[in-house]
Amino acid sequence: MERPDWKASLSAAFEHAVGYLHDLPERPVRARASLEELRADLGGPLPQRPLPPEQVVATLAAAAEPGVVASSSGRYFGFVVGGATPAALAADWLTSVWDQNAGLYVLGPAASVVEEVTAAWLVELLGLPAGSSAGFVTGGQMANVTGLAIAVREVLRRTGWDVDADGLWGAPQVRVIAGEERHGTIDRALRFLGMGTGSILAVPADGQGRMTVPAVAEALADGDRPTIVCVQAGNVNSGAVDPIGEICDLARRAGAWVHVDGAFGLWAAASPRLRSLLAGVERADSWAMDAHKWLNVPYDSGLVFCAHPAAHRAAMGVRASYLVHAEGDERDALEFNPEHSRRARGFPVYAAIRALGSAGIADLVEGSCALARRFADRLAAAGGVEVLNDVVLNQVLVRFRAADGDHDGHTRRILEVLQNDGTCWMSGTTWNGMAAARISVSNWSTDQEDVDRSVAAIMECAATAAAEATGTAGR
Ligand SMILES: Cc1ncc(COP(=O)(O)O)c(C=O)c1O
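Treat the numbers as computed from the prediction; the structure is a model and nothing was measured.

The next subject is the site of the ligand. Within the structure, the ligand sits among 15 residues, and Gly-140, Gln-141, Asp-261, Asp-290 and His-292 are positioned closest to it. Within the contact set of the ligand, an oxygen atom lies 2.7 Å away from a backbone nitrogen or oxygen of Gln-141. Contact between the ligand and Asp-261: a nitrogen atom at 2.8 Å from a side-chain N or O atom of the residue. Here the shell around the ligand takes 3 residues from helix α6 (residues 140–157), the largest share from any one element. Each residue belonging to the shell around the ligand can be placed in one class, and the counts come to 3 nonpolar, 9 polar and 3 charged.

Right, here's the structure in full:
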């Protein structure tokens, strides 16, 4: 067989990649191309004839690049999006080169051992119970699906019901106590699991979006049913953290399972300075977390942990005569995640941790929080800006005051102007009934200059929007 010219296509990709990364700090953060332009440049009839791989790479890069959002730039503050550290990105390339199917040990021993080692490192770093099991999933959504799948199976098993055999029809009804400010992926997970959002008993949140202990106590006292309590470490808008330890204690007394949605906030447990915010988090039963957010591992990379490894394996495991299952203590990853075949996504997580070390991860998390605080202070000092949340982590919510009193409209207009400007990127939300701009500092490379430049751009855009509103723009 003729050997493919790997060097040609990979060199084309490499040249494009380093060029892109070199320009990233100065590139406009938004995409430049319109939908029509992207369809025109990337579309066309079904290709009939082969094209050399290096040409495919070059034309793809040229056509796609104007439609790429610089979301791994230090001035991207939208949603909760991390970038990619150099070690994690390079390990992600190797993951593709090695192309391991990380389902079974026999399919990729190195991938299996790297996951085993990485899982143990993370359990130690986050202060979770020693021996907790871990699954490497696509993101927070699937981590919540997995954690809740284990939870519902286990709380029903304790009543004598066998979900594996009998499903949920006719089962004792499971109640899911969750805050009214929970993330939408909890509801979506419950839909996927056939439990429906009707299983949720929503607990009122305080002004920061946290469940309160008395409200959870009241919910737990309302009848005696198999119960899962979903707590949140890091509200997607405010960054607020539920009083996890106290809720765990209440739940334990009531025989309930506690699942922590800590997509980004659980990383605060890796910081000696911030860990007290999550006091008692180790007393929960399962935890969902993302590596593609605060650890800055390339997409897609989420993690689920469970304090009950036997329950975890029982909920996820699968057997087949053609599969070669582990006979000793080697790790078959399909015992811990819902996928069967999957990418060996442990490699980039391993590399990220190896490169940063626990000290570097603490610095990353604490540094992002300090920069979020700087954002809040500078914007508040600029005038006409109200910071709506207690900035406890990396999230800031701001609202812009309008001369005509239409603060919601003014805030939304400023976001439009800012997104077009391209210096930085953030989007809006509704917080306690008010329109707000949300700023999430989650990128490893963001520095004070990025924050100051962004604050200046925001205030210029605010002035532009104000001038437009009073009809004085361009005078
Ligand atoms: C608290 C919380 N849970 C879950 C998710 C979903 O994570 P993912 O988008 O990685 O699936 C997010 C995303 O921002 C989140 O903030």
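Another point: the pairing of strand β6 (residues 286–290). Counting buried residues along β6, 5 of its 5 residues qualify, which places the element largely inside the surrounding structure. Alternating positions in β6 separate into two faces, Ser-286, Ala-288 and Asp-290 on one and Trp-287 and Met-289 on the other, with burial throughout. Pairing of strand β5 (residues 257–261) with β6 involves 3 bridges; the strand directions are parallel. Each bridged residue has a counterpart across the sheet, and for His-259 the counterpart in β6 is Ser-286.

This brings us to the side chain of Arg-399. Inspection of the secondary structure assignment puts Arg-399 in strand β9 (residues 395–400). Of note is the side chain of Arg-399, whose polar atom sits 2.6 Å from the side chain of Asp-408. At 3.2 Å, the side chain of Arg-399 and the backbone oxygen of Ala-435 are in polar contact. In this structure Arg-399 touches Gly-384, Val-385, Glu-386, Leu-388, His-407, Asp-408, Thr-411, Met-434 and Ala-435, once residues within four positions along its chain are discounted.

Take the nonpolar core next. Ranked by size, the top nonpolar core spans 54 residues in total, and within it Leu-122, Val-229, Ile-244, Trp-267, Leu-278, Leu-295 and Phe-305 carry the most contacts. The element best represented in this core is helix α12 (residues 346–382), accounting for 6 residues. If sequence neighbours within four positions are ignored, Leu-278 has contacts with Ala-233, Val-241, Ile-244, Gly-265, Leu-266, Ala-268 and Ala-269. Grouped together as the second largest cluster of nonpolar side chains are 27 residues, Leu-371, Leu-415, Leu-418 and Val-441 included.

Turning our attention to the sheet that holds strand β4 (residues 227–232). Taken together, 7 strands build an open sheet; the order of strands is β1-β7-β6-β5-β4-β2-β3 and the sheet is mixed. Looking at the sheet topology across the chains shown, the edges are occupied by β1 (133–137) and β3 (200–203). Within this sheet the neighbouring strands show an average axis-to-axis angle of 20 degrees, counted without direction. Along the sheet, helix α11 (residues 309–316) makes contact with β1 and β7 (302–306), crossing β1 at roughly 40 degrees.

This part takes up the environment of Arg-378. The topology assignment puts Arg-378 in helix α12. A relative accessible area of 39% means that Arg-378 is categorised as partly exposed. In sequence terms Arg-378 and Asp-452 are 74 residues apart; their C-alpha atoms lie 8.0 Å from each other.

The next point concerns the environment of Val-391. Of note, Val-391 is situated in the loop between β8 (385–387) and β9. For Val-391, a relative accessible area of 13% corresponds to the buried category. In this structure the C-alpha to C-alpha distance between Val-391 and Ala-403, which are 12 residues apart in sequence, comes to 26 Å.

Nonpolar side chains collect at one region of the surface, where Phe-14, Val-18 and Trp-93 lie side by side and expose about 270 Å² of accessible area between them. Topologically, Trp-93 is positioned in helix α4 (residues 86–98). With a relative accessible area of 41%, Trp-93 lands in the partly exposed category.

Glancing now at the side chain of Asp-332. Within the fold, Asp-332 resides in the loop between α11 and α12. Within the buried set, Asp-332 has no salt-bridge partner at all; the shortest N-O distance to an opposite charge, 5.5 Å, is to Arg-319. A distance of 2.8 Å separates a polar side-chain atom of Asp-332 from the backbone nitrogen of Tyr-105. Setting aside anything within four residues of it in sequence, one finds Asp-332 in contact with Gly-103, Leu-104, Tyr-105, Val-324, His-325 and Ala-326.

A separate point is the pairing of strand β2 (residues 175–179). Taking burial as the measure, the 5 residues of β2 include 5 buried ones, the bulk of the element. Here β2 shows two buried faces, one formed by Arg-175, Ile-177 and Gly-179 and the other by Val-176 and Ala-178. Judged from the 4 bridges that link them, β2 and β4 form a sheet pairing that is parallel. Paired with Ile-177 across the two strands is Val-229, which belongs to β4. Bridge count for β2 against β3 is 4 bridges, and the pairing is parallel. Bridge pairing in β3 places Ile-177 opposite Leu-201. With helix α8 (residues 184–192) bridging β2 and its parallel neighbour β3, the resulting β-α-β unit is right-handed.

Basis of the calculations
Once a new chain begins, its residue numbering starts again from 1 and follows that chain's sequence as written. In keeping with the predicted nature of the model, local features appear solely for residues at pLDDT of at least 70, side-chain atom pairs appear and are counted solely at 80 or more, and the whole-chain, interface and lining totals rest on all residues. Hydrogens and water molecules were not included; the side-chain quantities draw on all heavy atoms of the structure. The nearness test applies per residue and asks whether one of its heavy atoms lies within 4 Å of the molecule or strand. Any pair of N or O atoms that falls within 3.5 Å is considered a polar contact. Within protein, one atom must be able to donate a hydrogen and the other to accept it, and sequence-neighbouring residues count only if both atoms are side-chain atoms. Strands here mean DSSP runs of E at least two residues long; helices mean DSSP runs of H or I at least four residues long; both are numbered from the N terminus. Residue polarity is assigned by list, with Asp, Glu, Lys and Arg as charged and Ala, Val, Leu, Ile, Met, Phe, Trp, Tyr, Cys and Pro as nonpolar; anything else, Gly included, falls into the polar class. Under the scheme applied here, a residue whose accessible area is under 20% of the maximum for its type counts as buried, over 50% as exposed, and between as partly exposed, the area being computed with a 1.4 Å probe on protein chains only. In this description, strands pair whenever DSSP reports at least two bridges between them. By the convention used here, residues are in contact when the closest approach between their heavy atoms is within 4.5 Å. We define a nonpolar core as any set of buried Ala, Val, Leu, Ile, Met, Phe, Trp, Tyr and Cys residues linked to one another through side-chain atoms lying within 4.5 Å. Axes here mean lines fitted to C-alpha atoms, for a helix over just the part in contact, with angles spanning 0 to 180 degrees between N-to-C directions. Residues form patches when they are more than 30% accessible in relative terms and have no salt bridge. Like charges link within 9 Å. Nonpolar side chains (Val, Leu, Ile, Met, Phe, Trp, Tyr) link within 5 Å. In short, Shrake-Rupley with a 1.4 Å probe defines the accessible areas, and a residue's cover is counted only from the protein chains shown. Take a side-chain nitrogen of Lys or Arg and a carboxyl oxygen of Asp or Glu: if they are within 4 Å of each other, that pair is a salt bridge. When charges are counted, Lys and Arg are positive and Asp and Glu negative, with His and the chain ends excluded. Convention used here: a crossover is right-handed provided that the path from the first strand, over the helix, to the second strand proceeds clockwise when the strands point away from the viewer.

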